[in-house]
Amino acid sequence: MKSYQTNNSKETQALAEQLAKLVYPGLVVTLQGDLGAGKTTFTQGLAKALGITSRVKSPTFNILNTYEEGRIPLYHFDAYRLENMGAADQGFEDYLGTDGVTLIEWPQYMADLLPNDRLEMTFTRMAGADSDREIVVRGLGQATQIEEDLHG
Amino acid sequence: MTTLIAFESSADETSVAVVKDGKTVLSNAVATQINSHQRFGGIVPEVASRHHLEWITKTLDIALADAKVQPEDLDGVAVTYGPGLVGSLLVGLMGAKTFAMAHDLPLIPVNHLAGHIAAANFNQPIVFPALALMVSGGHTELVLMEEPNDFHILGETFDDAAGESYDKVGRLLNLPYPAGKAIDELAHKGQVTIDFPQAMAKEAGYDFSFSGLKSAVINQVHNAEQRGETIKEEDLAASFQAAVIKALVGRTKRALTDFPVKSLVLAGGVAANSGLRAALTDLMADFPAVDFIPVPKQYTGDNAAMIGAAGYWNYQDKIFSDLDLNTNPGLDFPLADLNQQDNE
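Residues numbered from 1 in each chain as written. Chains lettered and ligands numbered in written order. Predicted model: local features only at pLDDT ≥ 70, side-chain atom pairs only at ≥ 80, totals over all residues. Heavy atoms only, no water.

## Notes on helix H2 (residues 39-49) of chain A
We count it as follows: Residue exposure (1.4 Å probe, protein chains only): buried if accessible area is under 20% of the type maximum, exposed if over 50%, otherwise partly exposed. Note on conventions: DSSP H or I runs of at least 4 residues are helices, E runs of at least 2 residues are strands, and numbering of each starts at the N terminus. Residues count as neighbours in contact if any of their non-hydrogen atoms are within 4.5 Å of one another.
Buried within H2(A) we find Lys39(A), Thr40(A), Phe42(A), Thr43(A), Gly45(A), Leu46(A) and Ala47(A). Where the residues of H2(A) are buried, they touch helix H1 (9-20), strand S2 (28-33), strand S4 (74-78), strand S5 (101-105) and strand S6 (118-125) of chain A.

## Some remarks on the side chain of Glu164(B)
Looking at the secondary structure, you find Glu164(B) in helix H4 (residues 162-172). Ignoring anything within four residues of it in the chain, the contact list for Glu164(B) reads Ser58(A), Thr60(A), Ser136(B) and Gly137(B).

## Regarding the pattern of salt bridges
How we decide: For salt bridges, the criterion is a side-chain nitrogen of Lys or Arg within 4 Å of an Asp or Glu carboxyl oxygen.
This model, assessed by the stated rule, comprises nine salt bridges over all chains. Close ionic contact of Lys57(A) with Glu156(B) constitutes a salt bridge, the shortest N to O distance being 2.7 Å. Taken together, the positions of Lys57(A) in the loop between H2 and strand S3 (64-67) and Glu156(B) in strand S8 (residues 152-156) put the pair across two chains. For the pair formed by Lys57(A) and Glu156(B), the shared burial category is buried. As a salt-bridge pair, Arg118(A) and Glu120(A) come within 2.9 Å of each other at their nearest N and O atoms. For Arg118(A), a relative accessible area of 15% translates into the label buried. When salt bridges that share partners are traced, they join Arg55(A), Lys57(A), Glu156(B) and Asp207(B) into one network.

## A word on the environment of Asp99(A)
Residues and elements named next belong to chain A. Considering the arrangement of structural elements, one finds Asp99 in the loop between helix H3 (82-85) and S5. A residue is classified by how much of its surface remains accessible, and Asp99, at 42% relative accessible area, is partly exposed. Along the primary structure Asp99 and Ala47 are separated by 52 residues, whereas in three dimensions their C-alpha atoms are 15 Å apart. Discounting chain neighbours no more than four positions away, the residues touching Asp99 are Pro25, Gly26, Ile72, Pro73 and Tyr75.

## Here's the deal with the domain arrangement of chain B
Residue and element names in this part refer to chain B. Threshold: Note that the domain bounds were set by an automatic or database domain assignment. Accessible area, probed at 1.4 Å, shrinks when two parts are joined; the buried area is that loss added up over both. Here a polar contact means two N or O atoms within 3.5 Å. Within protein one must be a hydrogen donor candidate and the other an acceptor candidate, and residues neighboring in sequence count only if both atoms are side-chain atoms. Only Asp, Glu, Lys and Arg are considered charged, only Ala, Val, Leu, Ile, Met, Phe, Trp, Tyr, Cys and Pro nonpolar, and every remaining residue, Gly among them, polar.
With domains assigned, chain B is organised as domain 1 (3-118 + 299-316) and domain 2 (127-294). Here the C-alpha centre of domain 2 lies 28 Å away from the C-alpha centre of domain 1. Taken together, the two surfaces of domain 1 and domain 2 that pack against each other cover about 1100 Å², and 74% of this comes from carbon and sulfur. Of all residues in domain 1, Ile117, Thr300 and Trp313 give up the largest surface area on contact with domain 2, accounting jointly for 53% of the area buried on that side. Linking domain 1 with domain 2 are zero salt bridges. Across the domain 1-domain 2 interface, the total number found is three residue pairs in polar contact (both at pLDDT 80 or more). Elements with a contribution of two residues or more to the side of domain 1 that touches domain 2: helix H3 (112-118) and helix H9 (305-316). With four residues, the top contributor of residues to the side of domain 1 that touches domain 2 is H3. Split into classes, the residues belonging to the side of domain 1 that touches domain 2 amount to six nonpolar, three polar and one charged.

In structure tokens form, the structure reads like this:
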């Protein structure tokens, strides 16, 4: 487990750029954290570093937004709305572990679908300044290597 | 006279409607997963696509019965093919295709967003060129229309949709989902006591950003908690709503100033918000030559009648699909070429 501190959204996105260098097809990254913790901000940074030029907007409503124009496809999930609906029967598992990197916000609401090999990231607001964040990174299974190689 | 049957299942609502000439709603059967329609006895299935599957034939039967039409009275089948949830979209699409094939009717593909805008025709016919402010749980866009079926995005949100920020602030205040109506009501009981930041207010263009506002509201609540203070929920709701409306009205005003349109359409789920309607009504005093056409409140949420209205535009333009039509979950309007517009 590694822990990083960022003091603003630019620093959060800089960490995302470092991660972008390490991602590979099939990797699943879960982004846990409260509303406004920086999950979408992080995804925007990663997308840009992958060479994605279109706007990465919040996927809350659509649950899944896909971006094909980068180095590898980016699948951006947000399970926020699945808290009541459930994740079954939506065909989401078809996107996990395939040709792209998958980022999942609110992963606790699609816990049954998560693969054992994954990178878990947790975003926490720090007491004090409003924009300070602690980002904890933990690799599971094959993703352990990414945790080791990641340097903020 | 053209009578279309329309199917909509992109998100939480399963709906079938019959619409005459794109402006007269003969029937509009809606089953929602959020507040199950009384007519359906209050059953709220938990899984979206299963719910759609369960209700698609029932809403179809009700729509035909309410409109008192037979399949042979119909001229076409309009259906939402995007944007939305793929599993949900597929149910309406398969229902529409099956109905079209069984009754030998043309299939008309409809963009869900065009449907929201076309629902203004249930109020009064949209006069072109027109500007549409489309605000919903999934979208916040200013759309320029030179003529029917011509949509270009002037501005859109960079991050969260306006309706989404309502739902997330609602979660913070422990309000039920969707929270738009509850915040609107709270806001009317409160005072604007907090001056929330206006993201992008100083930037040129017509884009929006609501993620920063969401964070500012969260920070306000957390900081108050840490100091052991309480903020009146009514005041927080009023201050938040004031910031959202200011952003929406400010960008709309700029677009109305820069583009000489004949009407302004207000569409999408957030169009039901009374604070937003009032603020835009005030704004229109500055633009007496522009007709203000808000979508009637009962058609602001997702429904198939609006798909019938937009489908009528496609029918007139002879835009039809084969039965191999697929969903397009990420469907959106093209962006306006603002440089080119400036030169016109």
